[in-house]
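Geometric and topological summary
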2 protein chains.
Amino acid sequence: MARTQGSRADITGPLIRDAARSLFARHGYAAVSMRQIAQAVGVQAGTLYAYTADKQALLADLLSDHMTLLLESWQDDPAAAVTARLDAFVRFHIDTSLDHADGVFLSYMELRSLTPDNHARIAALRRRYENGLQNILDDGVAAGVLRVDDTRLATMALIAMLTGVTNWYRSGGRLDRQALYRHYGALVRGAVGA
Amino acid sequence: MARTQGSRADITGPLIRDAARSLFARHGYAAVSMRQIAQAVGVQAGTLYAYTADKQALLADLLSDHMTLLLESWQDDPAAAVTARLDAFVRFHIDTSLDHADGVFLSYMELRSLTPDNHARIAALRRRYENGLQNILDDGVAAGVLRVDDTRLATMALIAMLTGVTNWYRSGGRLDRQALYRHYGALVRGAVGA
DNA sequence: GTCTATATCAAGATAGAC
DNA sequence: GTCTATCTTGATATAGAC
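A brief structural summary. Just so you know, these numbers come straight off a predicted model, no measurement behind them.

Turning our attention to the overall build of chain A. Within chain A one finds nine helices and zero strands. Projected onto its principal axes, the C-alpha coordinates of chain A cover approximately 65 × 40 × 30 Å. Excluding contacts between residues fewer than 6 apart, the proportion of contacts in chain A whose partners are at least 24 apart in sequence is 69%. With an accessible surface of roughly 9,200 Å², chain A has 50% of that area assigned to carbon and sulfur atoms. Charge centroids of chain A, computed over 21 positive and 20 negative side chains, lie 6 Å from each other.

Structure, rendered in C-alpha cells:
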C-alpha cells in the first residue's frame with residue numbers, strides 16, 4: 001500500500017469512491033475514518049481532500065450516484081403484461097441488490113447520516129424508484145390481474161423483502177441466482193395474487 | 001438536565017439503557033458518544049462507567065436482552081392450525097417491530113459493531129427466533145397446507161418484509177395497526193400459498 | 001453513586017513543500 | 001496531485017474527591 005509521490009489522478013478518484021463505499025457499508029459511515037479510506041487506497045489522508053470537499057460530500061455523492069444508476073438502469077415497459085413487468089422488477093431488484101450490494105445497503109442505512117438537504121435530495125430519488133414498482137401494482141389492480149388491498153404498503157413490503165436477500169445470500173452457496181429469481185418471483189406473485 | 005450530586009441508582013441504570021438504545025438506533029452505535037448518552041440521562045460521562053464496563057458491553061447487553069425478550073414473548077402452538085400460527089407470527093412480529101422498534105433495528109443493524117464473540121452469541125439468538133417461523137412453514141408444507149419451494153429462503157424473505165414496516169409506518173397516519181395485520185397478513189398468506 | 005478533572009488517543013480538516 | 005506536518009476538536013476511559 002505504500003505510495004511514493006506521483007500523480008495518478010485518473011484512477012485515484014474512483015479508488016477513493018470504491019474504498020469509501022465498501023468501508024461505509026461494512027462498518028458504517030460514522031465508524032470509518034478518512035485515514036482508513038486513505039490507507040485502503042494507498043494515499044495519505046490529506047490527499048482525499050483534493051477529491052472531496054469533506055466526508056459528508058463523499059457519502060452524499062456515493063448515494064446520489066447509486067440512486068441515479070438505479071433509476072437510469074431500470075426500464076419498465078408499460079405496454080407489456082403486468083406479470084411480465086413484475087417479474088422483470090424482481091429480477092432487476094435482485095440483480096441490483098447483489099451486484100451493487102454496498103450501494104443498496106448505504107442508500108437504505110446511511111440516509112440518517114446525511115445533512116437535511118442531502119437527505120431530502122436522496123430520499124426523493126429513492127421515492128421515484130419505489131414508485132416504479134407501485135405503478136406496476138396499480139396497473140395490475142386496475143386491470144384486474146392483481147389483488148392488492150393497498151399498493152403503497154405492498155410496494156414497501158415487497159422492496160423490503162427483495163432487498164433482504166443481501167442479509168443472507170452468499171454466492172457459491174446452496175442457491176444460484178436463477179433459483180433466487182424463481183423463489184422470490186413465486187413469493188412476490190403469490191403475495192399480490194398474480 | 002443539570003444534576004446535583006445524589007444517588008439515584010435504582011433509576012439511573014434503566015435510564016442509561018433507554019437513552020443508549022434510542023440514540024444508537026437513531027444515529028448508529030459509532031456515531032453516538034458516551035457524553036451524548038450521559039447528557040440525555042442527566043449525569044456526567046464518568047458516571048456511566050459505574051453501570052457498564054465500556055461502550056461495547058452496553059451495546060451487547062441491549063441486543064442480548066432484546067433477543068431474549070423476543071424469544072420469551074413469542075408462544076407458538078404447534079397443535080394449532082398452520083394458518084392460525086402464521087397469522088399469530090405476523091401479528092407478533094409487527095407488534096414487536098413497532099413496540100420495540102429501536103431494539104429490532106439495533107438487532108439487525110448493529111451486529112456488525114459487536115466484537116466477534118458477542119456477535120456470535122447474538123446471531124445465534126436471532127437464528128433461534130427465525131427458526132420459529134421456519135418451523136411453521138415446514139409444518140405447513142408437510143401438511144400440504146402451504147406451497148413453499150424453499151422454507152429457509154421464505155423465512156428470511158418474510159421476516160425482512162415484516163420488519164420493513166418500521167421503515168415507513170408512522171402511528172397516527174393513514175393506517176391503524178389492525179389494517180397492518182390485515183394487509184401484511186394477506187401478503188404473507190398469498191406468498192406461501194395459504 | 002456521582003462529580004470534577006484529566007490522561008490518552010484519534011478524529012476531520014488545512015497549509016505548504018515538492 | 002500528493003506528501004508531510006500540524007491545528008483543533010472531541011472521543012473513551014480512569015482517578016480521586018465528596
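The next subject is the packing of helix α7 (residues 151-163) of chain A against helix α9 (residues 177-191) of chain B. Relative orientation of the contacting elements α7 of chain A and α9 of chain B amounts to 55°, with a least axis distance of 11 Å. Between α7 of chain A and α9 of chain B, the crossing angle belongs to the class labelled oblique. When you trace α7 of chain A past α9 of chain B, the crossing you get is right-handed. Packed against α7 of chain A, whose contacting residues are Leu153, Ala154 and Ala157 of chain A, the element α9 of chain B presents Leu180, His183, Tyr184 and Leu187 of chain B at the interface. Taken together, the residues of the contact of α7 of chain A with α9 of chain B sort by class into six nonpolar, one polar and no charged.

Let us look at helix α9 (residues 177-191) of chain A. All names here are of chain A. Under the 1.5 Å per step criterion, the end-to-end length of α9 is 21 Å for 15 residues, consistent within 8% with the ideal 21 Å. Looking at α9, one finds that the buried residues are Ala179, Leu180, Tyr181, His183, Tyr184, Gly185, Leu187, Val188 and Ala191. The opening residue of α9 is Asp176, an N-cap whose side-chain oxygen sits 3.3 Å from the backbone nitrogen of Gln178. Downstream of α9 by one or two residues, Gly193 has phi in the positive range, about 70°.

All names here are of chain A. Checked against the element boundaries, Asp18 lands in helix α1 (residues 9-27). Along the backbone, Asp18 and Val41 are 23 residues apart, and their C-alpha atoms lie at a distance of 8.8 Å. A distance of 3.1 Å separates a polar atom in the side chain of Asp18 from a polar atom in the side chain of Arg21.

Calculation rules
Each chain carries its own residue numbering, running from 1 in the written order of its sequence. Here chains are named by letter from A upward and ligands by number from 1 upward, in the order in which they appear as written. Under the rules for a predicted model, residues below a pLDDT of 70 receive no local features and side-chain atom pairs below 80 are neither given nor counted, while totals for whole chains, interfaces and linings still include all residues. The side-chain figures draw on all heavy atoms in the structure; neither hydrogens nor water molecules are used. Secondary structure elements follow DSSP: runs of H or I no shorter than four residues count as helices, runs of E no shorter than two count as strands, and numbering proceeds from the N terminus. Throughout, a residue-residue contact means that at least one pair of heavy atoms, one from each residue, lies within 4.5 Å. We get accessible surface area from the Shrake-Rupley algorithm with a probe of 1.4 Å; when it comes to residues, only the shown protein chains can shield them. When charges are counted, Lys and Arg contribute as positive and Asp and Glu as negative, whereas His and the chain ends are disregarded. One atom stands in for each charge, and that atom is NZ of Lys, CZ of Arg, CG of Asp or CD of Glu. Every axis in this analysis is a line fitted to C-alpha atoms, fitted for helices over the stretch in contact. Angles between the N-to-C directions lie between 0 and 180 degrees. For classification purposes, angles smaller than 35 degrees are called roughly parallel, those larger than 145 roughly antiparallel, those between 65 and 115 roughly perpendicular, and all remaining angles oblique. Crossings are sorted by hand: turned counterclockwise from the far helix by less than a right angle, the near helix makes the crossing left-handed, and turned clockwise it makes it right-handed. In this count, Pro and Cys sit with the nonpolar residues alongside Ala, Val, Leu, Ile, Met, Phe, Trp and Tyr, while Asp, Glu, Lys and Arg are called charged and the others, Gly among them, polar. By definition here, a helix of n residues has an expected span of 1.5 Å times n minus one. Under the scheme applied here, a residue whose accessible area is under 20% of the maximum for its type counts as buried, over 50% as exposed, and between as partly exposed, the area being computed with a 1.4 Å probe on protein chains only. Here a polar contact is taken to be a pair of N or O atoms separated by no more than 3.5 Å, where protein atoms must pair a possible hydrogen donor with a possible acceptor and residues adjacent in sequence count only if both atoms sit in side chains.

Don't take any of this as a statement about function, it's just geometry.
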